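The lines below spell out each chain.
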Amino acid sequence: ISGFLITGHIFELLDKGQFSFSDFYSRRIRRIFPALILVMISSLVFGWFALFSDELEQLGKHVASGASFIVNFVLVNESGYFDNAAETKPMLHLWSLAVEEQFYIVWPLVLWLAWKSRINLLLVTGITAVCSLYLNLRFVESNAVEIFFWPVGRLWELLSGSMLAWLILHKERLLSGAELWIYNN
């Protein structure tokens, strides 16, 4: 849904020539950080009382990496048979937010550069999605943990929503083009 909603908004603003990086990122910060900070502070307070010292230390590392949206990379190195139980990792769920925010650090720049270069945004999105899906399928057996946590194996999911947003945004133009093609053939 995020790929659909947020990239759809970027597509609309690019079409109007009104996209602003500062507006985009300030909206993301205002939307994400208040709830994120509340969850992190609550988790640290709870962890102080409920976790053992090594678990609390790990929680501190997860809070810091969660606040900087790199917790997914930290969690890759903590997966395995001897790892702490998921119940002692209150920030575990932030891996998906990290992937999403890593995507939104890079993706608006890619779209803006393609738009400035007059490259079809649907083509850029589709090629990127296919490459990500290929890498996901190619490495899911040999590097399952990395493919699960790293953005490269997850981009196709966000980009499928992005492609749908582009198609819906441009459906009138696509339908009129299809009608002309049918009429002329």
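Residues numbered from 1 in each chain as written. Predicted model: local features only at pLDDT ≥ 70, side-chain atom pairs only at ≥ 80, totals over all residues. Heavy atoms only, no water.

## Considering the layout of surface pockets
- There is about 150 Å³ of room inside the largest pocket.
- Lining the largest pocket are Asp15, Trp115, Arg118, Ile119, Asn120, Leu121, Trp166, His170 and Arg173.
- By residue class, the composition of the lining of the largest pocket is four nonpolar, two polar and three charged. (1 Å grid on protein atoms, 1.4 Å probe; cavity = no way out; pocket = protein on both sides within 12 Å on 5 of 7 lines; lining within 4 Å. Points joined across faces, edges and corners; volume = space filled by probe spheres on them. Nonpolar A, V, L, I, M, F, W, Y, C, P; charged D, E, K, R; others polar.)

## Some words on unusual backbone geometry
- The backbone phi angle of Phe69 is positive, close to 60 degrees, even though this residue is not glycine.
- Backbone geometry places Arg118, a non-glycine residue, at a positive phi of 60 degrees.
- Tracing the sequence through the fold places Arg118 in the loop between helix 5 (94-116) and helix 6 (121-139). (Helix = DSSP H or I, 4+ residues; strand = E, 2+ residues; numbered from the N terminus.)

## Observations regarding the side chain of Ser162
- Within the element layout of this structure, Ser162 appears in helix 8 (residues 155-169).
- Only 3.4 Å separates the side chain of Ser162 from the backbone oxygen of Gly3, close enough to count as a polar contact.
- Once residues within four sequence positions are removed from consideration, Ser162 is found in contact with Gly3, Phe4, Thr7, Phe11, Phe103, Trp107 and Thr125. (Polar contact = N/O pair within 3.5 Å; in protein donor to acceptor, adjacent residues only side chain to side chain. Contact = heavy atoms within 4.5 Å.)

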